[in-house]
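# Analysis of the macromolecular model
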Amino acid sequence: MPKSEADLKKEIERLDASEKETMATISHVRKLLNKADQRREEDGDRRWDEILDNLESTLDMGRSKLTACGQRLREARDQLRQLQATGFIEDTGIAIDATDAQPPLTEDRLKAAQQIMSMSVDDLRSLTLDEVADMHDELFRKTEAETAEAAAEPKPEPPAPAAPKTALDRRIEKARRAKEEREAARRKSAGFVERRKQGTLRAAVGKLLQGGCAGLTIEEAESVLECRGELMGRSDLSDSEQRLKEKLEPMGADIEARLHELRRKRARGYLRRRP
């Protein structure tokens, strides 16, 4: 479903807040890293090596999230500018989820990093180094307990070998795969046609706003008239669609005349080419 201007503004506001919160989290994690490194020098306790590793993993996760959030924020702002200028958004085919961005980590380090990254900035600001060490010890104990429990569980029996497929089974499977391939090709073709229509319409609107109807092709004129008719027949228009409707509404007769002229020229060309 296409995003409206209000949806994009709300998304930009959410992403902007997430970016600022992530930057603040990274800043606090760096402070904890410096304190933990100093404590390791003072105590000489080897467990601080693991705590430092977990904090480094948290920092890596925060940087990855910040990068993804920044990319999605720039994309949303570009989409908003495009929507306000043309009334349409070009589908880039790129989907970035800033909330799921994370570097490859071992399971233990991932849990430790997620535990800190899930905290609010206010809670993180008040987090002491001793509390970080307690969180590490608790996670370590829990991991040991889970490992011991998993080792104590009886191993499941291997599944029985599947019965050999009959000729009928193979024909049914082949037909199912062929159907899935046809459906995938049909969806791909429909997506290409829709993107082409959107591109034609954007080009037509751009020409109309810059120099009127003189530069329109037959395909562009048909596309913009179809869009104009749809907008005129709807009452639930978004702000950007309403602006596009107001721009296209007085141009209907000129576009019709341009389309009629182009079709007449094309017909004359066909007649001249006939033997």
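Treat the numbers as computed from the prediction; the structure is a model and nothing was measured. (Residues numbered from 1 in each chain as written. Predicted model: local features only at pLDDT ≥ 70, side-chain atom pairs only at ≥ 80, totals over all residues. Heavy atoms only, no water.)

Here the focus is the overall build of the chain. Helix and strand content of the chain: nine helices and zero strands. For the chain, the sequential pattern of α-helices and β-strands runs α-α-α-α-α-α-α-α-α. A buried classification covers 31% of the 275 residues belonging to the chain. With the model as given, the accessible surface of the chain reaches about 18700 Å², and the carbon-plus-sulfur share is 51%. (Helix = DSSP H or I, 4+ residues; strand = E, 2+ residues; numbered from the N terminus. Buried < 20%, exposed > 50% of the residue type's maximum accessible area, 1.4 Å probe, protein only. Areas by Shrake-Rupley, 256 points an atom, 1.4 Å probe, with all protein chains shown as cover.)

This next bit is on helix H2 (residues 47-86). The terminal C-alpha atoms of H2 lie 59 Å apart, and with 40 residues this matches the ideal 58 Å at 1.5 Å per residue to within 8%. Just downstream of H2, Gly87 is the residue with a positive phi angle, here 90°. (Expected span 1.5 Å × (residues − 1).)

Below, the discussion takes up empty space enclosed by the protein. Where empty space is left becomes clear once a probe the size of a water molecule has been rolled over the atoms. Summed over the entire model, instances satisfying the criterion amount to two cavities of 30 Å³ or more. The space that makes up the second largest cavity amounts to roughly 40 Å³. Around the second largest cavity, the lining residues are Leu83, Gln84, Ala85, Thr86, Gly87, Ser240, Arg243, Leu244 and Lys247. Taken together, the residues of the lining of the second largest cavity break down into three nonpolar, four polar and two charged. (1 Å grid on protein atoms, 1.4 Å probe; cavity = no way out; pocket = protein on both sides within 12 Å on 5 of 7 lines; lining within 4 Å. Points joined across faces, edges and corners; volume = space filled by probe spheres on them. Nonpolar A, V, L, I, M, F, W, Y, C, P; charged D, E, K, R; others polar.)

Once that is clear, we can look at the nonpolar core. Core analysis: the largest hydrophobic core is formed by 20 residues, its most contacted members being Leu208, Leu216, Val224, Cys227, Leu244, Leu248 and Ile255. Every element with two or more residues in this core is listed here: helix H6 (167-211), helix H7 (218-232), helix H8 (239-248) and helix H9 (252-273). Per-element accounting of this core gives the leading share, six residues, to H7. With residues up to four places along the chain from it excluded, the contact list for Leu216 reads Ala204, Lys207, Leu208, Ala221, Ile255, Arg258 and Leu262. Within the second largest apolar cluster, 18 residues are counted, among which are Val29, Trp48, Leu52 and Leu55. (Core = buried A, V, L, I, M, F, W, Y, C linked by side-chain atoms within 4.5 Å. Contact = heavy atoms within 4.5 Å.)

For the rest of this paragraph, the subject is the pattern of salt bridges. This structure, assessed with the given rule, holds 17 salt bridges. Across the salt bridge formed by Lys9 and Glu5, the nearest N and O atoms sit 3.3 Å from each other. You can see Lys9 and its partner Glu5 sitting in helix H1 (residues 5-43), four residues apart, about one turn around the helix. You can call Lys9 partly exposed: its relative accessible area is 44%. On the basis of relative accessible area, Glu5 is assigned to the buried category, the value being 6%. Bridged by salt links that share partners, the residues Glu5, Lys9 and Arg243 form one connected network. (Salt bridge = Lys/Arg side-chain N within 4 Å of Asp/Glu carboxyl O.)

Here the focus is the confidence of the model for the chain. In regions of low pLDDT, the predicted coordinates are not meant to be interpreted in detail. Per-residue confidence for the chain averages 76 on the pLDDT scale, and 78% of its residues sit at or above 70. In the predicted structure, residues 93-101 sits below a pLDDT of 50 and forms 13 contacts with residues beyond four places in sequence or in another chain. (pLDDT = per-residue confidence, 0-100.)

Moving on, we come to the environment of Leu208. Following the sequence through the fold, Leu208 ends up in helix H6. Of the residues examined, Leu208 reaches a relative accessible area of 4% and is grouped as buried. Once you skip the residues sitting within four places of it in the chain, Leu208 turns out to touch Cys213, Leu216, Val224, Leu248, Met251 and Ile255.

Contact geometry for H7 and H8: axes closest at 10 Å, N-to-C directions at 115°. By crossing handedness, the relation of H7 to H8 is classed as left-handed. Side by side, H7 and H8 meet where Val224, Cys227, Arg228, Leu231 and Met232 of the first sit next to Glu241, Leu244, Lys245 and Leu248 of the second. Split by residue class, the contact of H7 with H8 holds six nonpolar, no polar and three charged. (Axes fitted to C-alpha atoms, helices over the stretch in contact; angles between N-to-C directions. Left-handed = near helix turned anticlockwise from the far one by under 90°.)

Moving on, we get to the side chain of Thr200. Tracing the backbone shows Thr200 in helix H6. On the basis of relative accessible area, Thr200 is assigned to the buried category, the value being 12%. If we ignore the near neighbours within four places in the chain, the residues touching Thr200 are Glu219, Glu220 and Ser223.

To continue, consider the environment of Thr67. If you trace the backbone, Thr67 turns up in helix H2. Its relative accessible area of 47% is what places Thr67 among the partly exposed residues. For the pair Thr67 and Glu19, spaced 48 residues apart in sequence, the C-alpha to C-alpha distance is 8.9 Å.

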